[in-house]
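Residues per chain are reported as follows:
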Amino acid sequence: MKNIFQNIKENFKLVIGVLIFGLLLGWVFFHSSGEATTSAQELNGHEGHNHEAEAPTVWTCSMHPQFKMDEFGLCPICAMDLIPLTSMASGGDDVDPNEIVMSESAAKLASIQTMIVTKGVPSKTVYLQGKVQADERNIAELTSRFGGRIEKLFVNFTGEKVQKGQKLATIYSPGLVTAQRELLEAISFKDSRPSLYIAAKGKLKLWDLTDDQIEAIEEKGEPQVYFDVRSPISGTVSKRHVTIGDYVKEGTGLFEVIDLSKLWVMFDAYESDLPWIGLGDEVKVTVQALPGQDFTAKVSYIDPFLNGTTRVAKVRVELKNINQDLKPEMFAIGILESKIAESTDQVLIPKSSLLWTGKRAVVYVKVPDRESPSFLYRQVVLGPEAGAFYVIEEGLEEGEEIAVNGVFKIDAASQLQGLPSMMNPDAGMASSGDDEMDLENADEAFTVYGNCSMCKERIEKAAMSVKGVMEANWDENTKLLQLNLDKKADIAAVHKAIALVGHDTDLETASNDVYETLHECCKYSRPADLSNKSIKVYGNCGMCQERIETAALELDGIIKATWDSETGILRLQFDPNEISVDEVEQAIAAVGHDTENHRAPDDIYKKLPECCLYDRPGKK
């Protein structure tokens, strides 16, 4: 260490010189680089004059677009990086204004997953519950064909097995003895009065005596006092209604015998499962009392009626019960692997991709060829449920890509941005150029009077009931019903169908009785009670027309509002009991358009787009 300090002291001047030279060399290099950078920035910023860089940027959250900030930061809700608002929109001429666009990070945070829609044969595993029951075709109820007294019983308890023709009981019947004597007496008149003999013999047959028994009586020449009751089938005695010494009348029940060699299993099938069950379908049956044993049977009967209380229909299969292991009233479970009969490939989507409100089913379709994940709201028509999938009847095509996970989060983001969503399907539709039911694309359009969404549903349903009407859309604000029709459609019939449900049209008036049955919210101001008025409103273009008509239609009591850009005349139809013309003019002036009696505020007028800056009255 001492040697080091000694060397520094001896070469002091040399060390100082090296340090100064190093500092000078560093300043030269770094200063030149800084000037070059500054020159490049000046060149790009001033000579190129990049206006986009000068423009202020609004930052927002792709998951919570209600937050907008002037500088980059974190979302106050999810702490996700904010993105420029311009990046939320997809570029290109084919952009749909109703697209919901998400950044890659937002899609990952929301666990968005997609799949390509494919076709397949719908299949479903149907689980059924039921009970084992006796085959009703193999139940024999033995009743007394004649009155008498039970002399002997050969079956002493319920559950005893019997064979066909086996004696069950012996009956003494005075009436039967008398009938035998009549037969014996008629034998002597067999040749002279054959009809008497035939009648006496027929009487005994009606009392269930066989030909052999009758021949034995004739040969013996004496009436038989006791008669046996024999089992008509082989089976098990399930009921015994008599004991020894009982007196019975004609028609009295004696025994019930059931053949248990074949049994039914009656399953309960819910109405949602019925489309998947057909005659001849194979069912795998398991019985709780016989674990490890499986039975296979085919559906032989489907109840044509649905139980109004339990909402199930009975489905029957038949099982052989050779070893008598199965007992009536045992619980059974059936598993049916089913495909819709005569089904071809159909569009299938997983249940997780679907939002269902009870009235509409919604999916989100991914827009192809976008830098950021973009989705469009789409309503679909559901077919039957197929296990973890749904059959799609209308609304999706094979090859389209849909969201299958995180769908609710996409819908929530769409709702926050005012775009069509599950609970608000009409949001944003006014700005869409692809709306098939706009006035330009409608085959017919006419006025139908009503108030609310209930009216809308009632009017459109009535219109669609007319043959040839393919699509109907009624607007609550304009009161216009727009129709897409085929060549067979009868417009007059549409007017009548709508009037029948209580809504006046341009041509038809609903009866007062039907009108009075409408809900209170649906009782619109009828045309006979309305006033018509034309007022002057200043403006220029189509944007002005939309702004003026919207300002008027948002007022309670305004039924129709139509502004002509060439004449500047606004034609109103309104309820004078709810609103005055002066109030309408004030509302229009408040959005920047002068009227005959009211002038718009200057600051609002100046905020109108350039194309909307009309020549104001009294000014050049």
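Refer to the preceding data block for the structure.
Residues numbered from 1 in each chain as written. Predicted model: local features only at pLDDT ≥ 70, side-chain atom pairs only at ≥ 80, totals over all residues. Heavy atoms only, no water.

Quick look at the overall build of the protein chain
Link 1 in the chain: Along the protein chain, the regular secondary structure elements total 14 helices and 32 strands.
Link 2 in the chain: Considering only residue pairs separated by 6 or more positions, the protein chain has 63% of its internal contacts joining residues 24 or more positions apart.
Link 3 in the chain: Here the protein chain has roughly 36300 Å² of accessible surface; of this, 52% comes from carbon and sulfur atoms. (Helix = DSSP H or I, 4+ residues; strand = E, 2+ residues; numbered from the N terminus. Contact = heavy atoms within 4.5 Å. Areas by Shrake-Rupley, 256 points an atom, 1.4 Å probe, with all protein chains shown as cover.)

Considering the side chain of Arg316
Link 1 in the chain: With respect to the helices, strands and loops of the structure, Arg316 is situated in strand S19 (residues 312-320).
Link 2 in the chain: What Arg316 contacts, discounting residues up to four positions off in sequence, is Trp264, Val265, Met266, Lys298, Val299, Ser300 and Tyr301.

Comments concerning the sheet that holds strand S30 (residues 531-536)
Link 1 in the chain: Spatially, the 3 strands line up as an open sheet ordered S30-S32-S31, and their pairing is antiparallel. Every interior strand has two partners, whereas the edge strands, S30 and strand S31 (558-563), have only one. For this sheet, the mean angle separating the axes of adjacent strands, direction not counted, is 15 degrees.
Link 2 in the chain: Sheet analysis places S31 next to strand S32 (residues 569-574), joined by 5 bridges and oriented antiparallel. Directly across from Trp563, in S32, lies its bridge partner Leu570. (Pairing = 2+ DSSP bridges. Axes fitted to C-alpha atoms, helices over the stretch in contact; angles between N-to-C directions.)

What to know about the layout of surface pockets
Link 1 in the chain: Taken as a whole, the second largest pocket spans an internal volume of roughly 480 Å³.
Link 2 in the chain: Of all the elements in the fold, those that place two or more residues in the lining of the second largest pocket are strand S8 (139-143) and strand S12 (226-230).
Link 3 in the chain: Counted by class, the lining of the second largest pocket contains 10 nonpolar, 6 polar and 5 charged residues. (1 Å grid on protein atoms, 1.4 Å probe; cavity = no way out; pocket = protein on both sides within 12 Å on 5 of 7 lines; lining within 4 Å. Points joined across faces, edges and corners; volume = space filled by probe spheres on them. Nonpolar A, V, L, I, M, F, W, Y, C, P; charged D, E, K, R; others polar.)

Concerning the sheet that holds strand S9 (residues 148-153)
Link 1 in the chain: On the basis of which strands lie adjacent, the open sheet formed by 4 strands has the order S12-S11-S9-S14 and antiparallel pairing. Single-partner strands in this sheet number two, and they are S12 and strand S14 (247-248).
Link 2 in the chain: Alignment of strand S11 (residues 167-172) against S12, held across 5 bridges, turns out to be antiparallel. By the bridge assignment, Lys167 is partnered in S12 with Arg230.

Some words on the environment of Leu481
Link 1 in the chain: Tracing the backbone through its elements, the reader meets Leu481 in strand S29 (residues 480-485).
Link 2 in the chain: With a relative accessible area of 0%, Leu481 lands in the buried category.
Link 3 in the chain: Considered as a pair, Leu481 and Tyr449 are 32 residues apart in the sequence and their alpha carbons are 9.4 Å apart.
Link 4 in the chain: Residues contacting Leu481, with those up to four places away along its chain left out, are Glu444, Ala445, Phe446, Val448, Ile459, Ala463, Ala472, Asn473, Trp474 and Ile498. (Buried < 20%, exposed > 50% of the residue type's maximum accessible area, 1.4 Å probe, protein only.)

Brief notes about helix H9 (residues 453-464)
Link 1 in the chain: In this model H9 runs 16 Å from its N-terminal to its C-terminal C-alpha over 12 residues, within 8% of the 16 Å that 1.5 Å per residue would give.
Link 2 in the chain: Cys455, Lys456, Arg458, Ile459, Glu460, Ala462 and Ala463 are the residues of H9 that are buried.
Link 3 in the chain: Elements in contact with the buried residues of H9: strand S28 (469-474), S29 and helix H10 (491-500). (Expected span 1.5 Å × (residues − 1).)

Some thoughts on the pairing of strand S21 (residues 346-350)
Link 1 in the chain: Most of S21 is tucked away, with 4 of its 5 residues classed as buried.
Link 2 in the chain: Pairing of strand S6 (residues 118-120) with S21 involves 3 bridges; the strand directions are antiparallel. Directly across from Thr118, in S21, lies its bridge partner Leu348.

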